[in-house]
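# Observations on the model geometry
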Amino acid sequence: MMRALIIDDEKKGITILQQLLKKHCPQVEIAGSTQDPLTAASLIKEQRPDLIFIDIEMPGMNGFEVLQAFNEVTFQVIFTTAYNEYAVKAIRFSALDYLLKPIEVEELKAAVQRMENKMRTTGQRESVELFFQNLRNLQSPFARITLSTSDGILVQEVKDILYCEATGSYTTFHLRNKEKIMVSKGIGEFEGLLSEHHFFRVHHSFLINMKEIKKYIRGDGGTVMLSNGVEIDVAKRRKDQFLAALHAI
């Protein structure tokens, strides 16, 4: 069982989440809830939950400020939000989790399952610390990204990623030092996250670091040669957009 707290300034939000958890996530025991973010930190310290669901936008103190009250985060975190574009990107970049309101049952079940898996590994504190680093730099590209692997969570320098390769629902990161990291997420998940770092999806299976292009060879779609000598075909339908992005670097 996972003991959970719900922190949301709207009573309706707490009630709906309680009902969904009770019906669809029996492995979660609700240890308490509060509508007052100012008392949330005290409640967390008192109850010592395994997991908290915390709203991002709350009057007086937002969900991020609540977490900043802790020198060490020993619990799992699922943010809940109606809409907060920059914050959501910071959350995703840091390998933390979130649910968009109104909360969908399947999304909730999947998030809880991910939390169960995370409880068997380490790295939550590092993910939270990276999140706050990212949050402080919302208007500029993030320098690091967290990658969840079968062994745990890795913090990877974005500049050292040469390209990403799709293999079904998995993505393999090819690094400058020739190391490969496989994660159980589709390449589309990373396309949006890495676009601000000059990554471009030249093919449905490849997302490349444009700054690592050594040569472009003309053709129907053409072929790019990266700094490590690897050649990757550019899909014909992506050629014009790719060339425009290449000239913009």
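In case you missed it, the structure is sitting above this.
Below or above, wherever it landed, is the structure these notes cover. From a predicted model like this one, the values you see are computed outputs, not experimental measurements.

### Quick word on the overall build of the protein
Of the regular secondary structure elements, the protein holds eight helices and 15 strands. Every one of the 249 residues in the protein was classed for burial, and the buried ones make up 48%. Considering only intrachain contacts with a sequence separation of at least 6, the fraction spanning at least 24 residues in the protein is 55%. Working note: accessible area of the protein is about 13,000 Å², and carbon and sulfur atoms make up 47% of it.

### Points about the packing of aromatic side chains
Tallying each qualifying case throughout the model produces six aromatic pairs. Here the aromatic rings of Phe-173 and Phe-190 are separated by 4.9 Å at their centres, their planes lie at 90 degrees, and the arrangement is edge-to-face. Within this pair, whereas Phe-173 is found in strand β9 (residues 170–175), its partner Phe-190 is found in helix α7 (residues 187–194), the two being separated by 17 residues in sequence. Phe-190 shares its class with Phe-173; the two are buried. For the ring pair Phe-200 and Phe-242, a centre distance of 5.9 Å and an interplane angle of 55 degrees mean the geometry is tilted. Taken together, the residues Phe-200 in strand β11 (residues 199–203) and Phe-242 in helix α8 (residues 239–248) connect sequence positions 42 residues apart. When its relative accessible area of 11% is taken as the criterion, Phe-200 is described as buried. According to the relative accessible area criterion, Phe-242 is buried, its value standing at 0%. Within the aromatic cluster, the residues linked to one another by ring pairs are Phe-200, Tyr-216 and Phe-242. Above the plane of the ring of Phe-70 lies Lys-45, whose end atom (NZ or CZ) is 5.5 Å from the centre.

### Section: the side chain of Thr-81
Along the chain, Thr-81 falls in strand β4 (residues 76–81). Residue Thr-81 is classed as buried on the basis of its relative accessible area of 0%. When residues no more than four places from it in sequence are discounted, the contact partners of Thr-81 are Asp-55, Ile-56, Val-88, Leu-99, Leu-100 and Lys-101.

### Focus on the pairing of strand β5 (residues 97–100)
Where burial is concerned, the two faces of β5 differ: the one with Asp-97 and Leu-99 is buried and the one with Tyr-98 and Leu-100 is not. Of the strand pairs in this sheet, β4 and β5 are connected by four bridges, and their pairing is parallel. Of the residues in β5, the one forming a bridge with Ile-78 is Asp-97.

### Side note on the sheet that holds strand β3 (residues 51–55)
Hydrogen bonds between backbone groups are what pair the strands of a sheet, and the pairing can be parallel or antiparallel. Across the sheet, which stays open at both edges, the five strands sit in the order β2-β1-β3-β4-β5 with parallel pairing between neighbours. Both outer strands of the open sheet, β2 (28–34) and β5, are each paired with one neighbouring strand and no more. Taken pair by pair, the neighbouring strands of this sheet meet at an average axis angle of 25 degrees, ignoring direction. Pairing between strand β1 (residues 2–7) and β3: four bridges, direction parallel. Counterpart to Leu-5 in the pairing with β3 is Ile-52. Helix α1 (residues 11–24) contacts β1, β2 and β3 of the sheet and is inclined by roughly 170 degrees relative to β2.

The rules behind these values
Residues numbered from 1 in each chain as written. Predicted model: local features only at pLDDT ≥ 70, side-chain atom pairs only at ≥ 80, totals over all residues. Heavy atoms only, no water. Helix = DSSP H or I, 4+ residues; strand = E, 2+ residues; numbered from the N terminus. Buried < 20%, exposed > 50% of the residue type's maximum accessible area, 1.4 Å probe, protein only. Contact = heavy atoms within 4.5 Å. Areas by Shrake-Rupley, 256 points an atom, 1.4 Å probe, with all protein chains shown as cover. Phe/Tyr/Trp six-rings, centres within 6.5 Å; stacked < 30°, edge-to-face > 60°. Lys NZ or Arg CZ within 6 Å of the ring centre and 35° of its normal. Pairing = 2+ DSSP bridges. Axes fitted to C-alpha atoms, helices over the stretch in contact; angles between N-to-C directions.

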